2 protein chains.
Amino acid sequence: MITIITRGNSIQVLVFITGIFIKQGLTIVPFGVVGEDDVAQFMDGTMWMHHPRTTTMNHVLSDEQRFGHLTSVHSTFSFFANDDFLKNNIRINPDLDSLGALGDAGWYSIRAILWAHDYELPKTVTAFADPQYNDAGVILSCGASLNWKKNGIVSTFYCSFLSNLCMDIIVRGTKGNVRVHDFVIPFNEKVGSFFTVSNSKWAELYLGCGPEPTEFKISTDLPQEALMVREFGKLVEEIRGGVAKPEKKWPIISRKTQLIIDAVVTSIKNGFVPVELA
Amino acid sequence: MITIITRGNSIQVLVFITGIFIKQGLTIVPFGVVGEDDVAQFMDGTMWMHHPRTTTMNHVLSDEQRFGHLTSVHSTFSFFANDDFLKNNIRINPDLDSLGALGDAGWYSIRAILWAHDYELPKTVTAFADPQYNDAGVILSCGASLNWKKNGIVSTFYCSFLSNLCMDIIVRGTKGNVRVHDFVIPFNEKVGSFFTVSNSKWAELYLGCGPEPTEFKISTDLPQEALMVREFGKLVEEIRGGVAKPEKKWPIISRKTQLIIDAVVTSIKNGFVPVELA
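Everything numeric here is computed off the predicted structure, so don't read it as measured data. (Residues numbered from 1 in each chain as written. Chains lettered and ligands numbered in written order. Predicted model: local features only at pLDDT ≥ 70, side-chain atom pairs only at ≥ 80, totals over all residues. Heavy atoms only, no water.)

Asker: I'd like to hear about the overall build of chain A, residue by residue, with values.
Answerer: Looking only at helices and strands, chain A features seven helices and 15 strands. Counting all 278 residues of chain A, 58% fall into the buried class. Put simply, of all contacts in chain A between residues at least 6 apart along the chain, 68% involve residues at least 24 apart. Split by element, the accessible area of chain A, about 11,400 Å² in all, is 53% carbon and sulfur. (Helix = DSSP H or I, 4+ residues; strand = E, 2+ residues; numbered from the N terminus. Buried < 20%, exposed > 50% of the residue type's maximum accessible area, 1.4 Å probe, protein only. Contact = heavy atoms within 4.5 Å. Areas by Shrake-Rupley, 256 points an atom, 1.4 Å probe, with all protein chains shown as cover.)

If you want it as structure tokens, here you go:
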């Protein structure tokens, strides 16, 4: 049995369990209950992970000549929610998705940081002061800085339901940078673009610099959401056919994303102090 | 007398004083000694302020229909300094420019945040953990979050001598965003571009979004450095001619930029705690 758990109008998690029960939930927090050892294929609904653009950007980030070593990431997902959303959407209801903008928009931004860091967890997470809340105490905007305690690496994110649509990842390395400006949902369903530049130099007398960033356009026949479901179906098919075990990557990165979200919440509750991750 | 104080190979400050002495210094910290009441025209060497692109972006940011209200800014200035720079440049010498990357690259990023905030000082400044230092204790990379204690507004910057050239400002508002990716020194001396988008909407079924950001290209006959010196000369001419008093905007925003830099230093020294600005 394949279960696709939806929340609002988006796919939240996909769960395939060969056993007799399926744990499911409407919030983004069921990741503790589907362990790596279960005979289950678990995958969260982070659709942009399945766009071929993401794979191409991965190639750039792992190319030492073009990118060097990671120094910093900044990611943002914000959108300006309308009145209906802010009154009725489950994402702002403390009895449904109590993590608000952090659990929804922040999830994508935090995943982007983890993705760029090759899924290495940060050592500490420190929330920015002044998150915004609705009357029920649900977060409407927030952000945090993440530290890896090596080579000064620091990454930051910002998420909001109260700011015009912004979907940026900026990944900075010693030799190059990668930028994408529609990472969550591409402006165009069939083509996703990103920008990269390597080994930048000042012009003589600092009257310019180069090279200019290059735009790469990555086509896809199927939308990223369909690619996600297709990938999940393929994994399930292989488990059913006895040719593969469940792919552990997906529950592992779900749990890591959740760990950071939990750390942001703890940091906020404790007055924006650094929270150590185990 | 007009004095142009240079540091390394860049213009640092321009000072015109009608009195008998000129205070000057090689560091970026003379701003406490040239007050608003002095019969002096003071202007720091932040050349991008004088590019016509900056004025055009200002128009977008002050257009309530296109931009709404400011929610967050992220700015970066980094470049990968070569061995000679890291050994010999005055910017990494504790006896010369002891503020390192913060006083040099960070100056521009902080000014960008102040500029986007219409020069309103933040209420608190909190440095990110893990700045990098050279052996002499000079900062090579750092960052901070700035809070205005109203409407959840939070802005962040990152600066580094150890990361490939990156010169981004991302200004986010309730109705629109503005992005520029070469704000310090344009890739092209004669044309500076920026991107803006307003009133973004999801496509049906979230299979896309729009409109796509629009690129604006702003031409300039003279490089921004020449425009800066010309503007300074014009102000001095008017003072000499008795038709104008010194333009106070320039020392005021220099001092505000310096206040934030000082707060970042204090926050770092005190373990990355929030530092309140008076």
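Asker: Help me get a handle on the UniProt feature "domain: GFO/IDH/MocA-like oxidoreductase" (unreviewed entry) in chain A, residues and values and all.
Answerer: In the UniProt entry, the feature "domain: GFO/IDH/MocA-like oxidoreductase" (unreviewed entry) is given for residues 63-178 of chain A. Across residues 63-178 of chain A, helical content stands at 22% and strand content at 41%; the span's end C-alpha atoms are separated by 12 Å. (UniProt positions renumbered as here; feature names shortened; annotations may be inferred.)

Asker: Outline the interface of chain A and chain B, supporting the account with residue identities and numerical values.
Answerer: Many authors give the size of an interface as the accessible area that is lost as the parts come together. Across the boundary between the two partners, chain A contributes 54 residues, which contact 54 residues of chain B. The residue Lys149(B) makes a salt bridge to Asp130(A) at a minimum N-O spacing of 3.9 Å. Breaking the side of chain A that touches chain B down by element, the ones donating at least two residues are strand S4 (70-80), strand S7 (139-147), strand S8 (154-160), strand S9 (162-173), strand S10 (176-180) and strand S11 (191-198) of chain A. Examining the composition of the side of chain A that touches chain B, we find that 10 residues originate from one element, S9(A), more than from any other. Split by residue class, the side of chain A that touches chain B holds 23 nonpolar, 22 polar and nine charged. (Salt bridge = Lys/Arg side-chain N within 4 Å of Asp/Glu carboxyl O. Nonpolar A, V, L, I, M, F, W, Y, C, P; charged D, E, K, R; others polar.)

Asker: Explain the pairing of S8(A) residue by residue, including any values.
Answerer: Residue and element names in this part refer to chain A. Burial runs high along S8: seven of the seven residues are buried. Relative to S8, S7 runs antiparallel, the two being bridged by seven bridges. Residue pairing in the sheet places Cys 142 in a bridge with Cys 159 of S8. (Pairing = 2+ DSSP bridges.)

Asker: Tell me what's going on with the packing of aromatic side chains, and back it up with residues and numbers.
Answerer: For any two aromatic rings, the description comes down to two numbers: the centre-to-centre distance and the angle of the planes. Inspection of the entire model under this criterion finds 21 aromatic pairs over all chains. Judged by centre distance (6.2 Å) and plane angle (75 degrees), the rings of Trp202(A) and Phe77(B) are edge-to-face. Note that Trp202(A) is positioned in strand S12 (residues 201-202) and Phe77(B) in strand S4 (residues 70-80), a pairing that runs across two chains. Overall, Trp202(A) belongs to the partly exposed group, its relative accessible area being 24%. The buried category is assigned to Phe77(B), whose relative accessible area is 3%. Measuring from centroid to centroid gives 5.6 Å for Phe79(B) and Phe85(B), while their planes differ by 85 degrees, and the two rings are edge-to-face. (Phe/Tyr/Trp six-rings, centres within 6.5 Å; stacked < 30°, edge-to-face > 60°.)

Asker: Quick rundown of the packing of helix H5 (residues 105-116) of chain B against helix H7 (residues 249-269) of chain B? Include the residues and the values.
Answerer: Residues and elements named next belong to chain B. Interhelical geometry of H5 versus H7 gives an angle of 115 degrees and a closest axis separation of 10 Å. Handedness of the H5/H7 crossing: right-handed. Each of Trp 107, Ile 110, Arg 111 and Leu 114 in H5 lies in contact with H7, whose residues at this interface are Ile 253, Ser 254, Lys 256, Thr 257, Gln 258, Ile 260 and Ile 261. Of the residues assigned to the contact of H5 with H7, the class counts are six nonpolar, three polar and two charged. (Axes fitted to C-alpha atoms, helices over the stretch in contact; angles between N-to-C directions. Left-handed = near helix turned anticlockwise from the far one by under 90°.)

Asker: Please give an account of the side chain of Thr71(B) that cites residues and values.
Answerer: For Thr71(B), the position within the fold is in strand S4. Dropping the residues within four chain positions of it, Thr71(B) is found in contact with Tyr158(A), Leu162(A), Ser163(A), Gly152(B), Ile153(B), Val154(B), Arg172(B), Gly173(B) and Thr174(B).

Asker: How would you sum up the relation of the copies chain A and chain B? Please name residues and give values.
Answerer: The operation relating the pair of chain copies consists of a rotation about an axis and a translation along that axis. The transform that puts chain A on chain B rotates by 180 degrees and translates by 0.0 Å along the axis, for an RMSD of 0.0 Å. What the rotation and shift describe, once combined, is the action of a two-fold rotation axis. Counting the interface residues of chain A, we find that 100% of their copies in chain B are interface residues as well, pointing to one common contact surface. (Least-squares fit on C-alpha atoms with pLDDT ≥ 70 in both.)

Asker: Describe in detail the side chain of Asn134(A), supporting the description with residues and values.
Answerer: Residues and elements named next belong to chain A. By secondary structure assignment, the location of Asn 134 is in the loop between strand S6 (132-133) and S7. One polar contact links the side chain of Asn 134 to the main-chain amide nitrogen of Ala 136, over a distance of 3.0 Å. Apart from residues lying up to four places away in sequence, Asn 134 is in contact with Ile 92 and Leu 140. (Polar contact = N/O pair within 3.5 Å; in protein donor to acceptor, adjacent residues only side chain to side chain.)

Asker: Could you give an account of helix H1 (residues 52-61) of chain B, with specific residues and numbers?
Answerer: All names here are of chain B. Here H1 has its buried residues at Arg 53, Thr 54, Met 57, Val 60 and Leu 61. Summarising the axial view, the buried residues of H1 lie within an arc of 110 degrees, below the 170-degree limit, and thus occupy one face. In the core, the buried residues of H1 are packed alongside helix H2 (64-67), H5, strand S9 (162-173), strand S10 (176-180), strand S11 (191-198) and strand S14 (214-219). (Arc of directions from axis to C-beta.)

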